[in-house]
Every structure is written in structure tokens, then in C-alpha cells.
Amino acid sequence: MAMRKSSEQLPLAFTHAAATGRDDLLVSAPLEAAATIVDRWPDWPSPVVVLVGPPGSGKSHLAAIWQETSGAVTIEAHTDDGASLTAASAPVLLEDADAHAFDERELFHVINSVRQHGTALLLTARTPPSAWGVALPDLASRLKAATIVEIGAPDEALLSQVIVKLFADRQLAVDDRIVAYLVARMERSLDTARRVVDGMDRLALSRGVRLTRSLAREVLDAVQGSDGDEAGAADAPELD
């Protein structure tokens, strides 16, 4: 494996825009329930739906699809920001609900507005509403009545498809054996997949080299802080 030059940095920031249309969504078992609820709109079991999943699990992709289909307006539900008025006339989207502070009374009014006027609210979060520490009893009650759809951890098939897609978004073809090498050793996370693909793309471009297993191992070391060839991965395919 080529040694990295002392002045060379491995950039891992996300700057590449991935395709986020419905046809670009890769659906496997972990994502099936969430994709189904988005596709069923406006025939939802309740006017409020919460998509729950870890970073990079596909929540934002699904939210973007729903927003495009429904014409939903993004809100933050802060005090006096007019979110409840917006919800009276259009579907609304609140992303990363458990990561950004929202005003509990305003969100309560948003949900009431949605219920009263027949619109809809989609929330995305890493954790279910029961873990948000909501203090307002009326809001807690409203959230208990919401439809909660959890996105499971990606299986190997989905992770492989995502890696291929992320390289394709960059107009890069990747050897199937490299994909298998990555999947056998990386954390089961779509967020990690994005970071690994981004790192490999950037490092290969900075060095003017092709995508190789050595490059994959180096980026995995940087992203995961691992040894690259982890225990239990001995049966993974070898590359020339």
C-alpha cells in the first residue's frame, strides 16, 4: 500500500450532491416499511408520521421524495415562526426533530393544525418520540398517536447497492471485489458508506490513481480507526 505523503490530508467532508429522486432510492428490507409509508401518501394511517433511523439510513432521502410529491413546506417549529399557520394550508416537514430544539407548544399547535385542516406532518429523527424528553403532556399525547416507522440497520445487500450507487453518483465504476471487501469490513451504516466512498474518491483523485483495495483499506483505517483487515473477515474475497 502506498504511504501517504506527510503533507497529504484525507478530506472526508460531504460536498458531493447525491441523486435523491424516487428512482434513485434503493429499497431493501430495512427500508421497506419507510418507503411504503412515503409512497402511500396521502393515504396515511394518521396525519403525523415519524421516520426513525440512524444517521445516513435514508430518512432525508425519503423526506425529500415525500416533499417533492406532497409539496410540503420545511418548518422548524420555533416560537412564533408561523409553523402552525403554514400547516393549516400545506403539508409540513420537520427534519432531525430530536437533534434541533423545537418549541413544544408550537409543535403541539402544528399537530393540531394538521389534524384540524386535513394536511400532514412528516418528522425525521434518530430516536422515537418517547426518547425526546417532551415535557408538555399534550404534545407527548399527540406524538403517541403518530405513526412511527423505524428504519433498520442496512443488510449486506443494501450496503453493497448503496456503495455502487454512491460511486455511480460520481460517475465512477467500482470493481465488485472492492465492494465486497468494503462490506465485509465496514460498520453496518449508510453514513459510514458515504464517508468511505467520499474518502476513496477524493484520495484517488488527489493521487491520480485508480480505485484499489489498498486505497479502500487506507480510507477504512481513516474513517473507522480500524486495522482494515478485521478479525472475522478472513473469508472476504481477495483482490489482485
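Shown above is the structure to which this text applies.
The rules behind the values
- Once a new chain begins, its residue numbering starts again from 1 and follows that chain's sequence as written.
- Local features in a predicted model are, by the rule used here, given only for residues with pLDDT of at least 70; side-chain atom pairs are given and counted only at 80 or more, and totals for whole chains, interfaces and linings are based on all residues.
- Note that the side-chain values use all heavy atoms of the structure and ignore hydrogens as well as water.
- Each helix is a run of H or I in the DSSP string that is no shorter than four residues. Each strand is a run of E no shorter than two, and both are numbered from the N terminus.
- Here the open area of atoms and residues is found with the Shrake-Rupley method and a 1.4 Å probe, where only the protein chains shown may cover a residue.
- A 1.4 Å probe rolled over the protein chains alone gives each residue an accessible area, and that area as a share of the maximum for its type sets the label: buried under 20%, exposed over 50%, partly exposed in between.
- Pairing between two strands requires that DSSP report at least two bridges joining them.
- Put simply, a salt bridge is a Lys or Arg side-chain nitrogen that is within 4 Å of an Asp or Glu carboxyl oxygen.
- To estimate how far a helix should reach, multiply one less than its number of residues by 1.5 Å.
- Contact criterion: two residues are considered in contact whenever any of their non-hydrogen atoms come within 4.5 Å of each other.
- Pairs of N or O atoms within 3.5 Å make up the polar contacts considered here, provided that, within protein, one atom can donate a hydrogen while the other can accept it, and that residues adjacent in sequence are counted only when both atoms are side-chain atoms.
- Helix axes are fitted only over the stretch in contact, all axes being lines through C-alpha atoms; the angle between N-to-C directions runs from 0 to 180 degrees.

A. Looking closely at the overall build of the chain. Check the secondary structure of the chain and you find nine helices and five strands. Written out in order from the N terminus, the α and β elements of the chain read α-β-α-β-α-β-α-β-α-β-α-α-α-α. Of the roughly 12,100 Å² that the chain leaves accessible, carbon and sulfur atoms contribute 48%.

B. Main features of the pairing of strand 5 (residues 147-150). The two faces of strand 5 differ: Thr147 and Val149 on one face are buried, but Ile148 and Glu150 on the other face are not. Alignment of strand 1 (residues 48-52) against strand 5, held across four bridges, turns out to be parallel. Across the sheet, the residue bridging to valine 52 is glutamate 150, located in strand 5.

C. Inspection of unusual backbone geometry at higher detail. Between tryptophan 41 and proline 42 the backbone carries a cis peptide bond, its omega angle lying at 5°. Looking at the secondary structure, you find proline 42 in the loop between helix 1 (29-40) and strand 1. Phi at aspartate 96 takes a positive value of approximately 50°, unusual for a residue other than glycine. With respect to the secondary-structure elements, aspartate 96 resides in the loop between strand 3 (92-94) and helix 4 (104-117). Residue classification places aspartate 96 among the partly exposed positions, given a relative accessible area of 28%. A positive phi angle is found at glutamine 171, which is not glycine, with a value near 60°. As for its placement among the helices and strands, glutamine 171 is situated in the loop between helix 6 (156-169) and helix 7 (176-185).

D. Region of the structure containing the pattern of salt bridges. The final tally for this structure, using the stated rule, is eight salt bridges. Across the pair glutamate 156 and arginine 188 runs a salt bridge whose closest N-O atoms are separated by 2.9 Å. Taken together, the residues glutamate 156 in helix 6 and arginine 188 in the loop between helix 7 and helix 8 (190-207) connect sequence positions 32 residues apart. Among the ionic pairs, aspartate 169 bridges to lysine 165, the shortest N-O distance being 3.0 Å.

E. Region of interest: helix 4. The terminal C-alpha atoms of helix 4, which comprises 14 residues, lie 20 Å apart, in line with the 20 Å expected from a rise of 1.5 Å per residue. Along helix 4, the residues that are buried comprise Glu106, Leu107, Phe108, Val110, Ile111, Ser113 and Val114. Residues of helix 4 that are buried make contact with strand 1, helix 3 (83-89), strand 3, strand 4 (121-125) and helix 5 (137-144). Its side-chain oxygen at 3.3 Å from the backbone nitrogen of arginine 105, aspartate 103 defines the N-terminal cap of helix 4.

F. View of the sheet that holds strand 1. On the basis of which strands lie adjacent, the open sheet formed by five strands has the order 2-3-4-1-5 and parallel pairing. Of all the strands in the sheet, just strand 2 (73-74) and strand 5 have a single pairing partner and so form its edges. Together, strand 1, strand 3 and strand 4 form the strand contacts of helix 4, whose direction differs from that of strand 4 by roughly 140°.

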